[in-house]
Amino acid sequence: MPNGNPTLTVIHYYFLLKSDEEDLLQLWSALTGGASVEGSLAPSPDTNATSSFLASEEIFPALDLTAAPDEVSGQCQLVQRVDIGETGFCLSMLPEMAVVEVAYRKQHEDMYAAWHEALETLERNRTQLFTEVSAVFGETTALIAPDGADVSDIAAAVGGQSDRILSTPLNPGVAGGEPAMLVHFPDMTKNNRDYYAVSGMDAESFAATGLPRLDSLIKKLSRTAHYFEEQRLTIASERGDVDREVGALLHRKIISDASGSAGTATLEEQIANLSRMFGLLATDSLLVRRSSDSMSRDLKSLDREFERIGSPGQRDEIGAYYSRRFSLDLAEAHSESRDLDFSRQSAQAAIEVVRTQVEIMRAGEEAAIQRQSQEILSSSLVLQQERLALQVAAGFVEFVLVFYYVLKSWEGIVGTDLVEHMAPLLRLVVVGSFSGAAAVGTHFLALTLQNQTWKSKGLWLSVATLVLSLAAMVMLSIAYQ
Amino acid sequence: MDVIKLMEEAIEDERRAQEKYRQGTEAAEDPETRSLFEQLAHMEVGHERLLRERLAALKLIRGQQ
């Protein structure tokens, strides 16, 4: 079997988010023993390292971490490669993730022993690495098996316990034109670390390019589904609280015992509380919708990817397993989204009910105020009428008194005989004018003093009448003497 | 404040706490105190991992909006 050239035995993939650029560069530097990612890729004399860019700088700028993958082929975009002894390191880009591949090569006769040795080396490196880098999104180990390798041998080499072993015959088009098989051990560990084995004449080409793309989608879906599941506990608890509160509100009697402004204030407080709950549900709803949208898109991509790599007409166990698993997660997300919509509608209805209660209470308060206003207005009208009657009576009494005393005063000054010789109608006009002007003038004087203005025509007309009447009395007294 | 920024700061806080407890472990004079600091540092590592997982999920979900 060995022909003198080392054969690829194990590939280990580190997945990081592209946005964690610093951690990615740190990981790359730690793995490659300080081979700078800024392009300083000169071989290190003591490690016998060689490195090369596989893509030309014109097409793919050196270490451009934003490099987009080839969407048509769905494979990784290789950015940089470094070989140190029998171990190769590749830095590749996927749509949202960067993948660092560590390929262990070994000249061997016993594949089992080669896997064992490579896996031991890998574990030693991992332990050392994880003291420096902790932003690794997920890891995958792929064992490269010869054509026709026994799956149970591979499982034994991995050394873990898996409930099931799934296999998917690969489309020769993605495995160097040769028949190949992808074997997967799902849920072997809970640390977001997966194991695969690729068997076939040319398993290496698929393991190096097609598998990271496929596995990154699975990892992403697993992470989103896990995150959603964690959030769902909180969301379900919040939704339960809102449903209970809304139920209690909707079954409470329409008009509460509290009345008046106290009752309105209580209801307005309930509206504020319901609005807060509505906002909470809206936020939860947004999170669930984002999660379900993300899962839906990725699940479609995953299904397309399995369709692309799977051998036509043969059973695809891995694709079927993940499609079923993530479809269930997606269904849960949709179900939660529907429940949230229902709770939001209930909260909205409760807000409307309480708002109606407030309006009813306010309408009642307004009607009572209107009734009171009308009563006050009626009382005021009666008082006004009575005051007017009193004013008229007082004015008449004042006129009579002034008339009497003016006449008597006039007789007293010029003599009774003189006054009695005057024509009665003339006396009546003169004394009546004086008395009337005095009575009316008093009223206008009061108004003038009240309004603080002397521009009252009535006052000045009264004063003029008084003066003219007095002058008439003087003139008449002189004329009849 | 953006939740992603907030979580990144929280991760930094967790890392600082780990460093502090590790220093405490080194400075501890008796095994009991050393063990306590080790436990605390381990707890902070767990918190950091939890935050990182959630941050990564958030970034992935938001990255597609």
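Let me sum up the structure you'll find in this document. Here the residue index of a chain counts from 1 through its sequence in written order. By the order in which they are written, chains take letters starting at A while ligands take numbers starting at 1. Selection of residues for local features in this predicted model requires a pLDDT of at least 70, selection of side-chain atom pairs for listing and counting requires 80 or more, and totals for whole chains, interfaces and linings are taken over all residues. Side-chain metrics rest on all non-hydrogen atoms present in the structure, leaving aside hydrogens and water.

### Thoughts on the overall build of chain B
A count of helices and strands for chain B gives two helices and zero strands. The classification of residues rests on relative accessible area computed with a 1.4 Å probe and restricted to protein chains. Under 20% of the type maximum is buried, over 50% is exposed, and intermediate values are partly exposed. Burial analysis of chain B (65 residues in total) assigns 34% to the buried set. Across chain B, the fraction of contacts at a sequence separation of at least 24, relative to all contacts at a separation of at least 6, is 68%. All accessibility values rest on the Shrake-Rupley procedure with a 1.4 Å probe; residue burial counts only the protein chains present in the view. As presented, chain B carries roughly 4,300 Å² of accessible surface, and 51% of it is formed by carbon and sulfur atoms. Helical segments are the DSSP runs of H or I of at least four residues, strand segments are the runs of E of at least two, and each set is numbered from the N terminus. For this analysis, residues touch if any pair of their heavy atoms sits within 4.5 Å.

### Quick word on the nonpolar core
All names here are of chain A. Leu182, Phe206, Leu211 and Leu302 are the most contacted members of the largest nonpolar core, which has 60 residues in total. When neighbours within four sequence positions are excluded, leucine 211 is seen to be in contact with Tyr13, Ala142, Leu182, Tyr196, Val198 and Phe206. Nonpolar cores were defined as sets of buried Ala, Val, Leu, Ile, Met, Phe, Trp, Tyr and Cys residues, with membership established by side-chain atoms within 4.5 Å. The next biggest cluster of nonpolar side chains, apart from the first, holds 31 residues, and it includes Leu24, Phe89, Ala118 and Leu129.

### Some thoughts on the interface of chain B and chain A
Frequently, the measure chosen for interface size is the accessible area that the parts lose on association. Taken together, the contacts link 16 residues of chain B with 21 residues of chain A. A buried area of about 1,600 Å², summed over both sides, lies between chain B and chain A, and 52% of it is on carbon and sulfur atoms. For this analysis, a salt bridge means a side-chain nitrogen from Lys or Arg found within 4 Å of a carboxyl oxygen belonging to Asp or Glu. Taken together, chain B and chain A are joined by two salt bridges. A salt bridge links glutamate 230 of chain A to arginine 54 of chain B, with the shortest nitrogen-to-oxygen separation between them at 2.9 Å. N or O atoms closer than or at 3.5 Å make up a polar contact, with two conditions inside protein: a donor-capable atom paired with an acceptor-capable one, and, for residues adjacent in sequence, both atoms drawn from side chains. For the pair chain B and chain A, the number of links is four residue pairs in polar contact (both at pLDDT 80 or more). For the side of chain B that touches chain A, the leading source of residues is helix H2 (residues 31-63) of chain B, giving 13 residues. Three categories are distinguished: nonpolar for Ala, Val, Leu, Ile, Met, Phe, Trp, Tyr, Cys and Pro, charged for Asp, Glu, Lys and Arg, and polar for the others, with Gly belonging to the last. Residue composition of the side of chain B that touches chain A, grouped by class: six nonpolar, three polar and seven charged. Throughout, the accessible surface (probe 1.4 Å) given up by two parts as they are put together, summed over both, is called the buried area.

### Looking at the pattern of salt bridges
Between side chains of opposite charge, pairing is possible as soon as their charged atoms come close. All names here are of chain A. In this structure the tally under the stated criterion is 25 salt bridges over all chains. Glutamate 336 serves as the salt-bridge partner of arginine 232, at 3.0 Å between the closest nitrogen and oxygen. Of the two residues, arginine 232 is situated in helix H4 (residues 203-250) and glutamate 336 in helix H6 (residues 317-414); the sequence distance between them amounts to 104 residues. Both residues of the pair, arginine 232 and glutamate 336, count as buried. Notably, a salt bridge pairs arginine 244 with aspartate 241, separated by 2.6 Å at the nearest N-O pair. Of this pair, arginine 244 and aspartate 241 both sit in helix H4, three residues apart, which is roughly one turn of the helix. Owing to a relative accessible area of 42%, aspartate 241 belongs among the partly exposed residues under this scheme. Members of the salt-bridge network, linked through shared partners, are Arg232, Arg239, Glu332, Glu336 and Asp339.

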